[in-house]
Amino acid sequence: MSDENTNSSGEVDSDDAAESEEVVEPEDGQPSLVLVLAGVAGFGILIGTGALIGVEAYTVDWDGEVELVSEGETVETFSVVHADTQSEKESGLGGVSELEAGTGMLFLHDEMRTFTYAMPRMEFGIDILFIDDSCVIQAVHEADAPTGNETGVEPHHQYRGVGKYVLEVPKGAASGVVEPGDSVRIDGGCGA
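Residues numbered from 1 in each chain as written. Predicted model: local features only at pLDDT ≥ 70, side-chain atom pairs only at ≥ 80, totals over all residues. Heavy atoms only, no water.

Time to look at the nonpolar core. Counting 20 residues, the largest nonpolar core has L93, Y117, M119, I126, I128 and F130 as its most contacted members. The element best represented in this core is strand β7 (residues 103-117), accounting for four residues. Residues V66, C135, I137 and L167 belong to the second largest nonpolar core, which totals 19 residues. (Core = buried A, V, L, I, M, F, W, Y, C linked by side-chain atoms within 4.5 Å. Buried < 20%, exposed > 50% of the residue type's maximum accessible area, 1.4 Å probe, protein only. Helix = DSSP H or I, 4+ residues; strand = E, 2+ residues; numbered from the N terminus.)

So, in structure tokens, the structure goes:
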């Protein structure tokens with residue numbers, strides 16, 4: 001089985017930009033995700049909300065929900081943003097300053113494989129769940145944020161698992177709640 005290295009919280013491919021994400025609560029009470037792309041060269045284009053010079057911002061609505069299921073009962077539900085393009089997978093949650101309780105990112109892969117996720121540019125710890133194409137959890141990892149001079153790609157910041165889906169949620173929200181062999185329900189996906 002081939003190995004694909006995917007940095008869950010990704011590395012920006014371009015030296016000209018740094019990416020960050022921020023969760024906000026709009027007036028309708030539904031959470032949304034604001035992505036901000038700031039140009040290092042000092043210029044940018046305003047696409048969405050706010051009038052910030054040199055900052056490109058747009059709001060992404062939550063793409064759906066993922067339920068963690070243990071012994072047939074839903075034990076936790078997360079509003080998630082899907083990462084399905086290569087760019088979204090590489091960026092992941094890297095540069096995000098906070099991930100609110102009950103939220104996460106679901107990485108959608110074309111096929112079941114062995115993946116290695118790392119922690120570059122992560123500012124907080126997360127739980128990483130590898131989920132197979134039948135919605136069965138194959139691995140649950142508690143991932144600490146890099147500290148000091150760490151880059152987040154050191155061996156102790158790399159997490160492997162087999163799956164078609166990878167779910168990242170706040171640290172402690174899944175570890176100790178579910179384990180390999182438990183399952184998930186994904187809106188529009190397996191188990192739905």
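Anyway, onward from the coordinates.
On to the side chain of D182. Within the fold, D182 resides in the loop between β10 (159-170) and β11 (183-186). The charged side chain of D182 is buried without a salt bridge, its nearest counter-charge being R185 at 11 Å. Of note is the side chain of D182, whose polar atom sits 3.4 Å from the side chain of S70. Residues contacting D182, with those up to four places away along its chain left out, are V69, S70, E71, C135, V136, I137 and V177. (Lys, Arg positive; Asp, Glu negative; His and termini not counted. Salt bridge = Lys/Arg side-chain N within 4 Å of Asp/Glu carboxyl O. Polar contact = N/O pair within 3.5 Å; in protein donor to acceptor, adjacent residues only side chain to side chain. Contact = heavy atoms within 4.5 Å.)

Take the pattern of salt bridges next. One pass over the full model with this rule turns up two salt bridges. For E67, the salt bridge identified is with R185, shortest N-O distance 3.0 Å. A residue pair is termed long-range when its members are at least 10 positions apart, and E67 in strand β5 (residues 64-70) and R185 in strand β11 qualify at 118 residues. With a relative accessible area of 23%, E67 lands in the partly exposed category. On the basis of relative accessibility, which here comes to 33%, the residue R185 falls in the partly exposed class. For D144, the salt bridge identified is with K171, shortest N-O distance 2.2 Å. With D144 in the loop between β9 (137-143) and β10 and K171 in the loop between β10 and β11, this residue pair connects regions lying 27 residues apart in the sequence. With relative accessibility at 40%, the residue D144 sits in the partly exposed group.

Function cannot be read off these values alone, since they describe shape.
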